Amino acid sequence: MIKEHFFIEDIEIINFVNLDRDDILEVFRLRNHPEISKWMFHKNFSLQEHFNFIETLKKDKTKFFYLLKQEGIILGVVSLVGVDFLDKKSYAGIYKNPIFSKVGDKILAILEIIAFERMQLKTIILEVFSHNYHAISCYERNGYIKCKQNSKEILIYEKHKL
Ligand SMILES: CC(C)(COP(=O)(O)OP(=O)(O)OC[C@H]1O[C@@H](n2cnc3c(N)ncnc32)[C@H](O)[C@@H]1OP(=O)(O)O)[C@@H](O)C(=O)NCCC(=O)NCCS
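What this report covers is the structure whose coordinates are included nearby. In this text, all values refer to a predicted model and were calculated from it rather than measured experimentally.

### Points about the sheet that holds strand β3 (residues 63–70)
Then, in step 1: In spatial order, the strands read β1-β2-β3-β4-β5-β6-β8-β7; together these 8 strands make up an open sheet with mixed pairing. In this open sheet, the two edge strands, each paired with only one partner strand, are β1 (5–8) and β7 (145–146).
Then, in step 2: Bridge count for strand β4 (residues 73–84) against strand β5 (residues 89–96) is 7 bridges, and the pairing is antiparallel. If you follow aspartate 84 over to β5, its bridge partner there is lysine 89.
Then, in step 3: Packed on one face of the sheet, helix α1 (residues 21–31) meets β2 (11–15), β3 and β4 and runs near 85 degrees to β4.
Then, in step 4: Running over the sheet, helix α4 (residues 104–118) touches β1, β2, β3, β4, β5 and β6 (123–129) and is turned about 150 degrees from β5.

See below:
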């Protein structure tokens, strides 16, 4: 049900398990773009590891990654990891295509439709480096609340379904 290919308004949403080879390569390029990878906890993985990772998603019921496209152009990626369907919560992640500016709100809105409406989750949790001001202001602008802090470097934001 969740691993599929669908549209939300004019945004095409493709689960990574359904990506074709060209899109897998595009995602690899995007994820390793210096403006993106510097904000990620996991960096410097090879193309082979990327292909292997996407393969593992086919069997994993706790990780869902989606490529977002608008008019055929990659807008960004949203991910849900550690999805807990019993407690109805999940960690999440977003990144945009660096050619765009101010698309964070749109990407978060798609994440919320997937998490809250399609997956029927109640809580989204976002972990972010404390110096990642663009992401933090995007989360705060969209109603995410800072909660417990694991370390000085990593902040945790949550949003609950209304
Ligand atoms: C997180 C992310 C999706 C947020 O995107 P965004 O909200 O569109 O913001 P941008 O990065 O395009 O920022 C452009 C500017 O527009 C501002 N902006 C964006 N949307 C805005 C809005 N709706 N209203 C007012 N200002 C806005 C931003 O605050 C930023 O302002 P600044 O340069 O003066 O600080 C994006 O920054 C990103 O992909 N970052 C790299 C990956 C990342 O950090 N992911 C999160 C890991 S936890």
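### Let's talk about the environment of leucine 162
Then, in step 1: Structurally, the position occupied by leucine 162 is in the segment after β8 (154–160).
Then, in step 2: C-beta crowding within 10 Å serves as the criterion here: with 6 such atoms nearby, leucine 162 is assigned to the exposed category.
Then, in step 3: C-alpha of leucine 162 to C-alpha of aspartate 105: the two residues are 57 residues apart in sequence and 18 Å apart in space.

### Section: the nonpolar core
Then, in step 1: Core analysis: the largest hydrophobic core is formed by 31 residues, its most contacted members being Tyr66, Leu68, Val78 and Leu111.
Then, in step 2: Secondary-structure elements contributing two or more residues to this core are β3, β4, β5, α4, β6, α5 (133–141) and β8.
Then, in step 3: Here this core takes 6 residues from β4, the largest share from any one element.

### So, the pairing of β1
Then, in step 1: Pairing of β1 with β2, which is carried by 4 bridges, proceeds in the antiparallel orientation. Along β2, the bridge assignment pairs phenylalanine 6 with isoleucine 13.
Then, in step 2: Counted along the chain from β1 to the antiparallel partner β2, the turn is 2 residues long, and its residue glutamate 9 has a positive phi close to 50 degrees.

### Structural notes on the site of the ligand
Then, in step 1: For the ligand, the set of nearby residues contains 19 residues, the closest of which are Trp39, Lys96, Gly104, His134 and Cys138.
Then, in step 2: Looking at the shell around the ligand, the elements that each hand over two or more residues are β5, α4, β6 and α5.

### Some details on unusual backbone geometry
Then, in step 1: Despite not being glycine, glutamate 9 shows a phi value in the positive range, around 50 degrees.
Then, in step 2: Examined against the element boundaries, glutamate 9 turns out to sit in the loop between β1 and β2.
Then, in step 3: Positive phi values are uncommon outside glycine, yet glutamine 120 reaches one of about 60 degrees.
Then, in step 4: Structurally, glutamine 120 can be placed in the loop between α4 and β6.

### Some details on the pairing of β8
Then, in step 1: Side chains Leu155, Tyr157 and Lys159 of β8 all project onto a buried face; the interleaved residues Ile154, Ile156, Glu158 and His160 project onto a face where none is buried.
Then, in step 2: The pairing of β6 with β8 spans 7 bridges and is classified as antiparallel. Looking at β8, one finds that isoleucine 124 is bridged to lysine 159.
Then, in step 3: Relative to β8, β7 runs antiparallel, the two sharing 2 bridges. If you follow isoleucine 145 over to β8, its bridge partner there is glutamate 158.

### A look at α5
Then, in step 1: All of the buried residues along α5 are Ala135, Cys138 and Tyr139. All buried residues of α5 project into a common sector of 95 degrees when viewed along the axis, lining one side. Away from its buried face by more than 90 degrees, α5 exposes Tyr133, Ser137, Glu140 and Arg141.
Then, in step 2: Buried residues along α5 sit in contact with α4, β6 and β8.
Then, in step 3: Following α5 by one or two positions, glycine 143 adopts a phi angle in the positive range, close to 85 degrees.

What counts and what doesn't
Residues numbered from 1 in each chain as written. Predicted model: local features only at pLDDT ≥ 70, side-chain atom pairs only at ≥ 80, totals over all residues. Pairing = 2+ DSSP bridges. Helix = DSSP H or I, 4+ residues; strand = E, 2+ residues; numbered from the N terminus. Contact = placed C-beta atoms within 7 Å. Axes fitted to C-alpha atoms, helices over the stretch in contact; angles between N-to-C directions. Buried ≥ 20, exposed ≤ 12 C-beta atoms within 10 Å, placed from the backbone. Core = buried A, V, L, I, M, F, W, Y, C linked by C-beta atoms within 7 Å. Near = placed C-beta within 6 Å. Arc of directions from axis to C-beta.

This is a description of form; function is not addressed.
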